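# Topology and contacts: notes
Single-letter residue listing:
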Amino acid sequence: MIEFHLDARSGVAPYRQLVQQVHRALRLGVLAEGDRLPTVKDVATQVAVNPNTVLKAYRELEYEGLVAPRPGVGTFVTRTLDDTAHPEYEALRRELDDWLVRARAAGLADESVEALVLTALRARAAGQPGTPDGAVR
């Protein structure tokens, strides 16, 4: 079962944070096809937001074809984004874990690690390659 959380300092709209968390859970296999999402009321109470915020997130997930509501029963996962079957997944996960251990040993806080990863991802997506040692310029 997924547990939602919100980061008021992220600058990302609360509904979008909920959508992103479901995407991650689907990608990592935490949620599988047929799983029921928590009720709107439960999520709204858990993260202290208006139920309409949760409804907006669930509607976006429905529009993406990832969930479907069943009136009177709940909202269920209809499709996953699970990458764990990819042949390189486990090796990449171990490498990332090793990198995170080095980042911690270097004294980087969670926010710095996240900023570094997001910066590298965005630079890569924009076609800006890193240097041979992996640093992004």
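Read on for an overview of the structure. Because the structure is predicted, anything quoted here is derived from the model rather than measured.

### Focus: the packing of aromatic side chains
Applying the stated criterion across every chain, the model contains 0 aromatic pairs. Above the ring of tyrosine 15, the side-chain terminus of lysine 56 is found at 4.2 Å from the ring centroid. Residue placement shows arginine 70 over the ring face of phenylalanine 76; its charged tip is 4.0 Å from the ring centre.

### Describing the pairing of strand 2 (residues 74-77)
Regular strands place side chains that alternate from one sheet face to the opposite one. Where strand 1 (residues 67-70) and strand 2 come together, 4 bridges link them in antiparallel fashion. Bridge pairing in strand 2 links proline 69 to threonine 75. Linkage of strand 1 to strand 2, two consecutive antiparallel strands, is achieved through a turn of 3 residues, within which glycine 72 is found at a positive phi near 80°.

### Comments concerning the pattern of salt bridges
All chains considered together, the criterion is met by 5 salt bridges. The partner of glutamate 60 in a salt bridge is arginine 16, with the nearest N and O atoms 2.3 Å apart. Taken together, the residues glutamate 60 in helix 3 (residues 51-63) and arginine 16 in helix 1 (residues 14-27) connect sequence positions 44 residues apart. Overall, the relative accessible area of 25% leaves arginine 16 in the partly exposed class. A salt bridge links glutamate 90 to arginine 93; the shortest N-O distance between them is 2.7 Å. Taken as a pair, glutamate 90 and arginine 93 lie in helix 4 (residues 89-105) at a separation of 3 residues, close to a single helical turn. Looking at glutamate 90, the relative accessible area reads 34%, which means it is partly exposed.

### Thoughts on a negative patch on the surface
There is a patch of like negative charges on the surface, built from Glu88, Glu95, Asp97 and Asp98. Relative to the elements of secondary structure, glutamate 95 occurs in helix 4.

### Some thoughts on the nonpolar core
Within the largest apolar cluster, 23 residues are counted, with the highest numbers of intra-cluster contacts made by Phe4, Leu31, Val54 and Tyr58. Listed by contribution, the elements that provide at least two residues to this core are helix 1, helix 2 (40-47) and helix 3. Ranked by residues supplied to this core, first place goes to helix 1 with 6 residues. Sequence-distant contacts of tyrosine 58, defined by excluding residues within four places in its chain, comprise Phe4, Leu37, Pro38, Thr39, Val40, Val43, Val67 and Thr75.

Procedures and definitions
Residues numbered from 1 in each chain as written. Predicted model: local features only at pLDDT ≥ 70, side-chain atom pairs only at ≥ 80, totals over all residues. Heavy atoms only, no water. Phe/Tyr/Trp six-rings, centres within 6.5 Å; stacked < 30°, edge-to-face > 60°. Lys NZ or Arg CZ within 6 Å of the ring centre and 35° of its normal. Pairing = 2+ DSSP bridges. Helix = DSSP H or I, 4+ residues; strand = E, 2+ residues; numbered from the N terminus. Salt bridge = Lys/Arg side-chain N within 4 Å of Asp/Glu carboxyl O. Buried < 20%, exposed > 50% of the residue type's maximum accessible area, 1.4 Å probe, protein only. Patch = residues over 30% accessible without salt bridge, like charges linked within 9 Å, V, L, I, M, F, W, Y side chains within 5 Å. Areas by Shrake-Rupley, 256 points an atom, 1.4 Å probe, with all protein chains shown as cover. Lys, Arg positive; Asp, Glu negative; His and termini not counted. Charge placed at Lys NZ, Arg CZ, Asp CG, Glu CD. Core = buried A, V, L, I, M, F, W, Y, C linked by side-chain atoms within 4.5 Å. Contact = heavy atoms within 4.5 Å.

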